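Here is how the chains run, residue by residue.
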Amino acid sequence: TEANKVSEGLIQPKYDAQSEIYPAILANLKTIADEMAGGLGSDDIGEGDFLFGGDASLWQKFCNSLRLRAAMRIVNVAPELAKSTIEEIGQNASRYPILSESSENAYLWWQGSKPWNEPWADDALSRDDYGPSNIFVAHLTKMEDPRLHTILVPANEDGEYRGYENGALKAPANLNSISRVSDMYRKDLFGFTPFLKACENYFILAEAAVRGWNVGTTAQAAYEKAVRISMDDNGVDAADVDTYLAGKGKFANTLDQIYMEEWVALFKNNCEAWSLHRRTGFPKEIQTSGEYPGAYCIYGTDRNDVPFRFPYPDNEYNYNTDNVN
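To start, this report covers the structure provided alongside it. (Residues numbered from 1 in each chain as written. Predicted model: local features only at pLDDT ≥ 70, side-chain atom pairs only at ≥ 80, totals over all residues. Heavy atoms only, no water.)

## A look at the overall build of the chain
For step 1, the next point in the chain: A tally of helices and strands in the chain yields 15 helices and 4 strands.
For step 2, the next point in the chain: Computed over the C-alpha atoms, the radius of gyration of the chain is 21 Å, within 12% of the 20 Å expected from 2.2 N^0.38 for a compact globule of 325 residues.
For step 3, the next point in the chain: Projected onto its principal axes, the C-alpha positions of the chain cover 60 × 55 × 40 Å.
For step 4, the next point in the chain: Long-range pairs, those at least 24 residues apart, make up 70% of the contacts in the chain between residues at least 6 apart in sequence.
For step 5, the next point in the chain: With an accessible surface of roughly 17300 Å², the chain has 52% of that area assigned to carbon and sulfur atoms.
For step 6, the next point in the chain: Taking the 30 positively charged and 48 negatively charged side chains of the chain as two groups, their mean positions are separated by 4 Å. (Helix = DSSP H or I, 4+ residues; strand = E, 2+ residues; numbered from the N terminus. Rg over C-alpha atoms; globule rule 2.2 N^0.38 Å. Contact = heavy atoms within 4.5 Å. Areas by Shrake-Rupley, 256 points an atom, 1.4 Å probe, with all protein chains shown as cover. Lys, Arg positive; Asp, Glu negative; His and termini not counted. Charge placed at Lys NZ, Arg CZ, Asp CG, Glu CD.)

Below is the structure:
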C-alpha cells in the first residue's frame, strides 16, 4: 500500500501482511466482478489482449476464476472468507461465470520467433537433458493415467517411462534412460504458457463440495468435469477418459484424490502447482521419497521439502533493508 508513492516521500515502502493482502485482492476482484455483471459494455480491448483476443466475456470469467483461486489459497487461515467467496460464485453461475472448458484456458500463446519463442521449445533447440520427475512418472504409471502418453515420451533406451530425481546436482549416467516431455510441450515454438486452466476451477469447486459447502454442484460432478477438461487439455481421447474415471480415477470423495488430480492437471503451470503443495502438502512423496534434498544437496540432509518462499529481490535487501528485516 506504500508502493509508488515517491511523490509523497515514501521511497522505502513497508511490506503488507498476507492477512491484509488476500482480503484486498478478493475485494478488488469482487468490485470488478460486480461491475462486469452489470454489463460488459462495448469497449474494444483490441489486439493488445494476448490472453483472450479482445473477448471481454472471457475476462469476466477469468476474474471470477481468480477469485476462486485466491479464496481457496487461504482456506486454512481464513476459512470463512474462503467459504463465502466460493459459495457466492458457485451459487451464482450466471452473475459470476468462470472459465469452464479447455478452449477458454487463460493461455499466453507465443509468437514463435526469437526472442519470442515458447521458452520450453526454445530451450529444446539447444539442449535435451531435461526429464520429468520420478514422483510424476510413478504417479501417472500407478494410476494408469492416459495423460502419461500425451505429456511424456518413453526413454529412448528401452521404451519405458522413467523419471529422474528432482533437483539432483548430477545428470543421470545415461540420458537415454529417462523420459522426455512430449512434443506438444517441448517442440512447439508457438506454444503456450498457462496463467489459469479451466480445470482448476472445478477442482476448487470439488474441494469446496467435499468440505460441505453449497457451490451449486456435487463434488463428484465437479471432480469429473475437472478431470475431463484436463484430459482434453492434453489431447486424451474421450473413451480413454471414460475408462480412467471408471477405473483408478473413479471418484473417491476425498480431498487427497482431488489434490493429486489437481497437481497432475497443473502440469506446466509450475508456480500454481508449487502453491498447491505449500497449501496441502500433496504430493506427499515430495517429503517421503527421500529425494528432497536428495543425495547431492549442497545444504546437507536436514531438509525434506521444496522451498516455501521466494527471496526478496536483491535491490530490496540493498535499499529497503529495514523493511526487509
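Moving on from the coordinates now.
## Overview of the nonpolar core
For step 1, the next point in the chain: Core analysis: the largest hydrophobic core is formed by 49 residues, its most contacted members being Ile86, Leu99, Phe203, Leu205, Trp213 and Tyr223.
For step 2, the next point in the chain: Counting only elements with at least two residues in this core, the list comes to α1 (18–37), α2 (56–73), α3 (79–90), α8 (198–210), α9 (219–233), α10 (238–246) and α11 (255–265).
For step 3, the next point in the chain: Take this core: its biggest share by element is 9 residues, from α8.
For step 4, the next point in the chain: Once residues within four sequence positions are removed from consideration, Phe203 is found in contact with Tyr223, Ala226, Val227, Ile258, Glu261, Glu262 and Ala265.
For step 5, the next point in the chain: In terms of nonpolar packing, the next biggest core, distinct from the first, is built from 23 residues, Met260, Trp263, Phe267 and Ile286 among them. (Core = buried A, V, L, I, M, F, W, Y, C linked by side-chain atoms within 4.5 Å. Buried < 20%, exposed > 50% of the residue type's maximum accessible area, 1.4 Å probe, protein only.)

## Considerations on the layout of surface pockets
For step 1, the next point in the chain: The volume enclosed by the second largest pocket comes to roughly 1000 Å³.
For step 2, the next point in the chain: In terms of lining, the second largest pocket is formed by 28 residues, of which the most central are Gln18, Ile21, Tyr22, Arg73 and Arg278.
For step 3, the next point in the chain: Among the secondary structure elements, those contributing two or more residues to the lining of the second largest pocket are α1, α2 and α12 (270–280). (1 Å grid on protein atoms, 1.4 Å probe; cavity = no way out; pocket = protein on both sides within 12 Å on 5 of 7 lines; lining within 4 Å. Points joined across faces, edges and corners; volume = space filled by probe spheres on them.)

## Observations concerning empty space enclosed by the protein
For step 1, the next point in the chain: In this structure the tally under the stated criterion is 1 cavity of 30 Å³ or more.
For step 2, the next point in the chain: Its boundaries defined by the atoms lining it, the largest cavity holds a volume of some 100 Å³.
For step 3, the next point in the chain: As for the largest cavity, its lining consists of Arg69, Met72, Arg73, Glu200, Ile204, Glu207, Glu262, Leu266, Glu272, Ser275, Leu276 and Arg279.
For step 4, the next point in the chain: Broken down by secondary-structure element, the contributors of at least two residues to the lining of the largest cavity are α2, α8 and α12.
For step 5, the next point in the chain: Per-element tally for the lining of the largest cavity: the top contributor is α12, with 4 residues.
For step 6, the next point in the chain: Taken together, the residues that form the lining of the largest cavity break down as 4 nonpolar, 1 polar and 7 charged. (Nonpolar A, V, L, I, M, F, W, Y, C, P; charged D, E, K, R; others polar.)

## Notes on α12
For step 1, the next point in the chain: By the criterion of burial, α12 is predominantly enclosed, with 8 of the 11 residues buried.
For step 2, the next point in the chain: Buried-residue contacts for α12 involve α2, α8, α11 and α13 (285–288).
For step 3, the next point in the chain: Just past α12, the residue Gly281 takes up positive phi, approximately 85°.

## A closer look at the pattern of salt bridges
For step 1, the next point in the chain: Here the structure, examined in full by the defined rule, presents 23 salt bridges.
For step 2, the next point in the chain: The closest approach of N and O atoms between Arg73 and Glu272, which form a salt bridge, is 2.9 Å. Of this pair, Arg73 sits in helix α2 while Glu272 is found in helix α12, placing the two residues 199 residues apart along the sequence.
For step 3, the next point in the chain: Asp129 serves as the salt-bridge partner of Arg127, at 3.0 Å between the closest nitrogen and oxygen.
For step 4, the next point in the chain: Under the relative-accessibility criterion, Asp129 is labelled partly exposed at 34%.
For step 5, the next point in the chain: Overlapping salt bridges bring together Lys30, Asp34, Arg67, Glu88 and Arg95 as one network. (Salt bridge = Lys/Arg side-chain N within 4 Å of Asp/Glu carboxyl O.)

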